[in-house]
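# An overview of the molecular structure
So the chains spell out like this:
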Amino acid sequence: MKFKDLVGLITMVLYLNVSIVEAQKIDPFHYQPQKKVTCTQGAVASANTLASKVGVSILQKGGNAIDAAIATQLALAVVYPGAGNIGGGGFMLAHLKNGKNISIDYRETAPSHSNKDMYLDKEGNPRLNLSQDGHLASGTPGSVAGIFAAMKYALLPFKTLIQPAIELAEKGFSITANQADDFNELKNEFIQLNTSPTVFVKTTPWKAGDTLIQKDLANTLKRIRDKGAKGFYEGITAKLIIAEMAKGKGIITGDDLKKYSAKERTPIEFDYQSHHIISMPLPSSGGIILQQVLKMIEHKNIGEMKFQSAASVQLLTEAERRAFADRAQYLGDGDFVKVPVKTLISEEYLKERMKDYQPGIAGNSQSTKQGYIKESDETTHLSIIDAEGNAVAITTTLNGSYGSRTVVSGAGFLLNNEMDDFSVKPGIPNMYGAVGAEANAIFPGKRMLSSMTPTIVLKNNQPYLVVGTPGGTTIPTSIIQSLVNMIDFKMSPEDAVNLPKFHHQWLPDEIRVEKDFNPGTIQQLEAMGYKVVKKESIGQVELIEINFGKTRKITAIADKRGDNGAEGY
Ligand code: DON
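Criteria and thresholds
- Residues numbered from 1 in each chain as written.
- Predicted model: local features only at pLDDT ≥ 70, side-chain atom pairs only at ≥ 80, totals over all residues.
- Heavy atoms only, no water.
- Pairing = 2+ DSSP bridges.
- Helix = DSSP H or I, 4+ residues; strand = E, 2+ residues; numbered from the N terminus.
- Contact = heavy atoms within 4.5 Å.
- Axes fitted to C-alpha atoms, helices over the stretch in contact; angles between N-to-C directions.
- Phe/Tyr/Trp six-rings, centres within 6.5 Å; stacked < 30°, edge-to-face > 60°.
- Buried < 20%, exposed > 50% of the residue type's maximum accessible area, 1.4 Å probe, protein only.
- Core = buried A, V, L, I, M, F, W, Y, C linked by side-chain atoms within 4.5 Å.
- Parallel < 35°, antiparallel > 145°, perpendicular 65-115°, else oblique.
- Left-handed = near helix turned anticlockwise from the far one by under 90°.
- Nonpolar A, V, L, I, M, F, W, Y, C, P; charged D, E, K, R; others polar.

## Quick notes on the sheet that holds strand 14 (residues 502-503)
Pairing in this open sheet of three strands is mixed, and the strands run 14-15-16 from one edge to the other. Only two strands of the sheet have a single partner each, and these edge strands are strand 14 and strand 16 (532-535). Across the face of the sheet, helix 21 (residues 519-528) comes into contact with strand 15 (511-514) and strand 16 while running at roughly 150° to strand 16.

Put into structure tokens, the structure is as follows:
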């Protein structure tokens, strides 16, 4: 060992107050993302290498996948402030080793003083700056309640799970080049949308490797460590949130915070090509879209059409068009509006829906509206598998990158801008271009419709894939492609995640493709009558594949897009 490495190691031991073995694993000032890890015991893939390392260290301490998920999520709130959060919300999906599938909904809620027209001016025109920027854009945060709702499935004491996050906040970590770019680009917004200076703004430009220290956040995390969920929803943190609301014309009240509760929901489950898919129910549209699209294509031999042939892209596009048209009309928080879920996912309905699909000829969103039903919704994902067969998929979000860009003064965390996921007015697109109707209108206490789609796939009753991604409305379609790539096109997990993706969401009526998408396929799609639009990048998938052969083999893939990192042992 070189002298400078020895000094580094000793510094680490002092810094984290842990054993030399652990110190060698997590060095917040020197780390590199691994994009692919193969191992046998357990693995974590998340948006940030430090957070993935925290997750694996918890597994190695005897924690299960839920312990690791909680610790990873808390670490992301510190090392990935663009989307990791305690001021936002999310969904956890888990397959437990006893065979039980659970989902925890900790989506933000509309504050009690919200109303349907709160983002319209006197003439009824939308004011999307208010639903997207600053204090008024925030729903009541759900993440901390979600974490405590998950604790009943965990093994280790909460203080062990939150400790790495506290230390990373208190003592700092080196930021990545992408984060330095973000902070520089958002400097003016952080200044304009805040009532006090934030840690994300400094006078000289940020660069990769600079240290980010978040003392206020560390203190908030300590209150959560000591007082549980009450350390966030009541007491000092709640007071700081309420004071922030008063300074910035926000509407979250003490009562909204106190009343917030996470909800366990019954996951969406269905079979596709001999695999059992488990995904997120309402208030996410993700699971329903997954089921609708996969069931619409299941008997159309997509496997034989080949990956990214014009035929396979067209088939998926037309199924996505139909699922997103239904999303816009029918989907919203099922606790507040009647959503005809049973019909929307029934075989008969989906067969009828694809009746007018014509191979080789582009459909259009003028004539394809929602289906006929007689009865009268910046994000980050983490995937975890443990040695015992517990699997956890969590997608959590502030909505836009760095959410509302508003930090609660004195509490050090960013608030979400999730209110924009409601339909502020029928037909008016939100920041992801999604339109909605009455079903997703704002109402006090209601959860805004989401697209987040944490998903677990079982094969022969054993966890086979754990997958998820950020990306707004492109989330379900990215998951669909990851699954079809693995199941139908028999790709390696690496290719399934990293090869170019595409997306259709009914409106706008266009196929979005990544910039390196096959140009020949684009030409053929255009010849069929499709409008094709190039995008820089779609999604950041974290996928774990578990193969049970003679020996168990885990392959964890962190998307090549972004700073994502996979770790395992
Ligand atoms: O819940 C939703 O669908 C959105 N708020 C997710 C936002 C998102 O994925 C942003 N990531 N790039």
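Now that the structure has been shown, we can carry on.
## So, the packing of aromatic side chains
Throughout the structure, instances matching the rule amount to 13 aromatic pairs. A centroid spacing of 4.5 Å and a plane angle of 45° characterise the contact between Phe148 and Phe158, whose relative ring orientation is tilted. Of this pair, Phe148 sits in helix 6 (residues 143-150) while Phe158 sits in helix 7 (residues 158-171), and the two are 10 residues apart along the sequence. Here Phe148 falls in the partly exposed class, since its relative accessible area comes to 23%. Pairing Phe232 with Tyr233 gives two aromatic rings, centres 4.8 Å apart and planes at 75°, and the pair type is edge-to-face. For Phe232, a relative accessible area of 0% translates into the label buried. For Tyr233, a relative accessible area of 6% puts it in the buried group.

## What about unusual backbone geometry?
Going from Leu282 to Pro283, the amide bond is cis rather than trans, its omega being 10°. Positive phi, close to 60°, is recorded for Lys249, a residue that is not glycine. A residue is classified by how much of its surface remains accessible, and Lys249, at 71% relative accessible area, is exposed. Its identity as a non-glycine residue notwithstanding, Trp506 has a phi of 70°, on the positive side. Locating Trp506 in the fold gives a position in the loop between strand 14 and strand 15.

## Digging into the nonpolar core
The nonpolar side chains of a soluble globular protein tend to be buried, and buried together. Core analysis: the biggest nonpolar cluster contains 79 residues, and Ile70, Ile86, Met92 and Leu221 have the highest contact counts within it. In terms of residue count, the dominant contributor to this core is helix 4 (residues 65-79) (12 residues). With near-sequence residues (within four places) excluded, Met92 lies in contact with Ile66, Ile102, Ser103, Ile104, Tyr106, Ala150, Met280, Val392, Ala393 and Ile394.

## Quick notes on the sheet that holds strand 12 (residues 455-459)
The sheet built from seven strands is open, its strands ordered 1-18-17-13-12-9-8 with antiparallel pairing. Looking along the sheet, the strands with just one partner apiece sit at the ends: strand 1 (36-39) and strand 8 (268-272). The sheet shows a mean angle of 15° between the axes of neighbouring strands, direction not considered. Where strand 13 (residues 462-468) and strand 17 (residues 542-548) come together, four bridges link them in antiparallel fashion. Paired with Gly468 across the strands is Glu542, a residue of strand 17. Set on the sheet, helix 19 (residues 474-487) makes contact with strand 8, strand 9 (275-279), strand 12, strand 13 and strand 17; between it and strand 13 the angle comes to about 140°.

## Here we look at the packing of helix 3 (residues 49-60) against helix 4
Two numbers describe how helix 3 lies on helix 4: the axes approach to 8 Å, and their chain directions differ by 155°. When the axes of helix 3 and helix 4 are compared, the pair comes out roughly antiparallel. For the pair helix 3 and helix 4, the crossing hand works out as right-handed. Contact with helix 3, carried on its side by Leu50, Ala51, Ser52, Val54, Gly55, Ile58 and Leu59, involves Ala65, Asp67, Ala68, Ala71, Thr72, Ala75, Leu76 and Val79 of helix 4 and no other residues of that element. Of the residues contributing to the contact of helix 3 with helix 4, the split by class is 11 nonpolar, three polar and one charged.

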